[in-house]
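Overview (structure and organization)
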Amino acid sequence: MDIIDLSWWQLGIGFLILIIPAWILWRYKTGLNKKLGIATVRMTLQLLFVGYYLEYLFELDNAWLNAAWIMVMVLVADFATIDRSELNRKKSLLIPIFAATFFGIIVIDLFFLEAVIQLPTFLSAQYTIPITGMVLGNCLRSNVIGINAFYYSLHEHQERYRFYLCCGATRNEAVFPFFRDALKKSANPTLASMATIGLVSLPGMMTGQILSGSSPLIAIKYQIMIMLAIFSGTVLSVYLGIKLSNRFVFFENDVLDESIFVD
Amino acid sequence: MRTFSSERSMSSQLFSIQNIHFRYDEESVFQDFSLAINQGEKVAIKGASGSGKTTLFRLLLGFEHPEKGEIFYHGAPYSSKNIHKLRKEVTWLPQDLNLGSGNTSELADFIFEFHHNKESKPQKTKIVETLQKLNLSEEILESTFSNLSTGQRQRVGLAICYLLGRKIMFLDEPTSALDERSKQKVSDLIMKEDLTVISTSHDPWWVERCDRVIEL
């Protein structure tokens, strides 16, 4: 079946549906209408930019350019992770979390794109950019949950952490329960969506493929693969994010550098 | 601020604080403060809230650095290396111990599984015996730690500290949530041993049983 192209004016009509939620939000004085306006404009502009950029990227289909684009996406995700985790943009956090996310994404990309799908051209844009984007978006969400949970819990329960140190624990041993809880919190949403996928919701990637004419069977194979990639990528990047940043946010006496927290 | 020195000889001196200055932002906590604590001493630190009891513990445990002056452990000035060594030779019991969620036995086991503690991991019989000495039953091991009363958590914490076999104990208000019987049991367990006990306390009963009182 051919895909029905969406004209710009049809898309414009689509925006009209926002009148309903905007009226509800206004009626109940939620104060969210301004936010809704900004979010809608941002979403539209960002996606327009990405759409045009991707057209250009797909046309060139250069592995180096694609890798550079991944770097830019990871860099934006790095700042967003730290801001949304309510931590300060310090070098001791920015560099390790960037390295963790980048490494996590590269491992997942190389494994799935090159070893599983076996792309005919290395890091082909058509596959690399969307798959990386999906994994990275989920990594960002999990990193925010995991990194925020880890550092704020350590901050809140400092006495417990120090008690462990005074019981002979190394720093790694003393942070272990906080690390475990952060991993659990960050992995749970993805596990929950894996357990209900297909029953409660049809995932975006699969829907997109079906809409663009793929057979549902091809779509589910890709969807299963992307779920595996998302789960592995998120756990790996949260693990590395905490592990690497841990090396830079403690003083020599194992005291956590409190200046990482937003006041 | 008063300055205290020990009457015991320098050779048994465990901690020595020499002319330290410490402040939190603009608030000065210690100014030219000195103190010596000897091996085997039972010391009670008294003082009003904000007088520096907690800060003194933090300084002695290496969690804070003095602005000026020096702290010595066994005659050696504090450094990152000997702070780590010190923390393997002491234990510290906070006033209101929180070990997170889980049953008491699992949470205590986690501590005995630290690499440094593996060799001294106590047998179940020794754990039960220690709990009984502190007026606690064996069943407490299977209870959820966070459901225990403050006094029970305090005694479980003390049992863990005791079972680690360290010779130096820092205790933060160790009798604040205990009845007379439990206080006696705690005192019987740790005050008779060859332990150095450094405690903060407002409890006259406990202070009376210490060798020395330091008022901040």
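As the structure is a computational prediction, the values presented were derived from the model and not from experiment.

**Considering the overall build of chain A**
Of the regular secondary structure elements, chain A holds 10 helices and 0 strands. Sequence-ordered secondary structure for chain A, helices as α and strands as β, is α-α-α-α-α-α-α-α-α-α. The dimensions of chain A, computed from C-alpha atoms along their principal axes, are 70 × 55 × 35 Å. Per-residue burial for chain A yields a buried fraction of 39% across its 263 residues. Considering only residue pairs separated by 6 or more positions, chain A has 72% of its internal contacts joining residues 24 or more positions apart. As presented, chain A carries roughly 15,000 Å² of accessible surface, and 69% of it is formed by carbon and sulfur atoms. Here chain A contributes 19 positive and 19 negative side-chain charges, whose respective centroids are spaced 8 Å apart.

**Overview of the overall build of chain B**
The secondary structure content of chain B amounts to 7 helices and 9 strands. Here the C-alpha radius of gyration of chain B, 17 Å, is about what a compact globule of 216 residues would show, namely 17 Å. Referenced to the eigenvectors of the C-alpha coordinate spread, the extents of chain B come out at roughly 50 × 35 × 35 Å. Taking all 216 residues of chain B together, 54% fall into the buried category. Restricting the contact set of chain B to residue pairs at least 6 apart, pairs at least 24 apart contribute 70%. Carbon and sulfur atoms provide 44% of the accessible area of chain B, an area that totals close to 10,100 Å².

**Quick word on the interface of chain A and chain B**
Think of interface size as the accessible area that goes away when the parts come together; that is how it is often given. If you look at the interface, chain A gives 18 residues, while chain B gives 30 residues. Between chain A and chain B, roughly 2,000 Å² of surface is buried when both sides are summed, and carbon and sulfur atoms account for 61% of that area. Three residues stand out in chain A for area buried against chain B, namely F163, C166 and N253 of chain A, and they jointly supply 31% of the buried area on that side. Applying the counting rule to chain A against chain B returns 1 salt bridge. In this structure, the salt-bridge partner of R87 of chain B is D254 of chain A, at a minimum N-O distance of 3.6 Å. Applying the counting criterion to the chain A and chain B interface returns 8 residue pairs in polar contact (both at pLDDT 80 or more).

**Overview of the sheet that holds strand β6 (residues 90-93) of chain B**
Residues and elements named next belong to chain B. The 5 strands lie next to each other as β6-β7-β8-β3-β9, forming an open sheet whose pairing is parallel. With one partner strand each, in any of the chains shown, β6 and β9 (212-215) form the two edges of the open sheet. In this sheet, adjacent strand axes meet at a mean angle of 15° when their direction is disregarded. In this sheet, strand β7 (residues 168-172) lies alongside β6 in parallel orientation, the contact comprising 4 bridges. Residue pairing for β7: T91 is matched across the bridge by M169. Contacts from helix α5 (residues 150-163) reach β6 and β7 within the one sheet, and its direction differs from that of β6 by about 175°.

**Regarding the domain arrangement of chain A**
Residues and elements named next belong to chain A. Parsing chain A into structural domains produces domain 1 (1-60) and domain 2 (62-260). Each of domain 1 and domain 2 has a C-alpha centre, and these two points are 27 Å apart. Tallying the contact residues gives 8 residues for domain 1 and 10 residues for domain 2. Buried surface at the junction of domain 1 and domain 2, both sides included, amounts to about 800 Å², of which 79% is carbon and sulfur. Our count for the domain 1 to domain 2 interface comes out at 0 salt bridges. On the surface where domain 1 and domain 2 come into contact, there are 1 residue pair in polar contact (both at pLDDT 80 or more).

**As for the pattern of salt bridges**
A complete count under the given rule lists 14 salt bridges over all chains for this structure. We note a salt bridge from R171 of chain A to D254 of chain A, for which the minimum N-O separation is 3.2 Å. With R171 of chain A in helix α8 (residues 171-196) and D254 of chain A in the segment after α10 (216-246), this pair connects stretches of sequence that are 83 residues apart. Judged by its relative accessible area of 23%, R171 of chain A falls in the partly exposed class. Where K133 of chain B meets E129 of chain B, a salt bridge forms, and the shortest distance between an N and an O atom there is 3.9 Å. Here K133 of chain B and its partner E129 of chain B are both found in helix α4 (residues 124-133), 4 residues apart, which amounts to about one turn of the helix. A residue is classified by how much of its surface remains accessible, and K133 of chain B, at 38% relative accessible area, is partly exposed. Taken together, the salt bridges that share partners define one network made up of R171 and D254 of chain A together with R87 of chain B.

**Digging into the packing of aromatic side chains**
The tally for this structure, following the rule as stated, stands at 20 aromatic pairs over all chains. Relative to Y151 of chain A, the ring of F150 of chain A has its centre 4.8 Å away and its plane inclined at 80°; by these criteria the two rings are edge-to-face. The pair F150 of chain A / Y151 of chain A is uniform in exposure class, with both members buried. Three or more aromatic residues link up through ring pairs in this structure, and these residues are F163, Y164 and F176 of chain A together with F110 and F114 of chain B. Its guanidinium or amino end placed over the ring of Y28 of chain A, R27 of chain A lies 5.8 Å from that ring's centre, counting from NZ or CZ. When the ring centre of W205 of chain B is taken as origin, the NZ or CZ atom of R209 of chain B, which lies over that ring, is 3.7 Å away.

About the cut-offs
- Here, residues in each chain are numbered from 1, in the same order as that chain's written sequence.
- Labels are handed out in written order, letters beginning with A for the chains and numbers beginning with 1 for the ligands.
- Owing to the predicted nature of the model, reporting of local features is limited to residues with pLDDT of at least 70; listing and counting of side-chain atom pairs is limited to 80 or more, with chain, interface and lining totals taken over all residues.
- Water and hydrogen atoms play no part in the side-chain values, which are based on all heavy atoms of the structure.
- Helix and strand definitions follow DSSP, with helices as H or I runs of at least four residues and strands as E runs of at least two, each counted in order from the N terminus.
- The cut-offs for exposure are 20% and 50% of the maximum accessible area for each residue type, with area from a 1.4 Å probe on protein chains only; residues under the lower value are buried, those over the upper are exposed, and the others partly exposed.
- Here, two residues are considered to be in contact whenever any of their heavy atoms come within 4.5 Å of each other.
- In these tables, accessible area is a Shrake-Rupley quantity obtained with a 1.4 Å probe, and a residue counts as shielded only by the protein chains included in the view.
- Under the convention used here, Asp and Glu are negative, Lys and Arg are positive, and both His and the chain ends fall outside the count.
- Where a charge lies is defined by one atom per residue type: Lys uses NZ, Arg uses CZ, Asp uses CG and Glu uses CD.
- Radius of gyration here uses only the C-alpha atoms, and the compact-globule reference equals 2.2 Å multiplied by the residue count raised to the power 0.38.
- We define buried area as the total accessible area lost by two parts upon association, computed with a 1.4 Å probe and summed across both.
- When a carboxyl oxygen of Asp or Glu is within 4 Å of a side-chain nitrogen of Lys or Arg, the pair counts as a salt bridge.
- Throughout this description, a polar contact denotes any pair of N or O atoms lying within 3.5 Å of each other; where both atoms belong to protein, one of them has to be capable of donating a hydrogen while the other can accept it, and for residues adjacent in sequence the pair is counted only when both atoms sit in side chains.
- Note on pairing: two strands pair once DSSP finds at least 2 bridges between them.
- Geometry is summarised by axes, namely lines fitted to C-alpha atoms with helices restricted to the contacting stretch, and by angles between N-to-C directions that run from 0 to 180 degrees.
- An automatic or database domain assignment supplies the start and end points of every domain.
- Each Phe, Tyr or Trp ring, with Trp reduced to its six-membered ring, pairs with another whose centre is within 6.5 Å; inter-plane angles below 30 degrees give stacked pairs, above 60 give edge-to-face pairs, and intermediate values give tilted ones.
- For a lysine, the NZ atom is tested; for an arginine, the CZ atom; a charge sits over a ring if that atom is within 6 Å of the ring centre and within 35 degrees of the ring normal.

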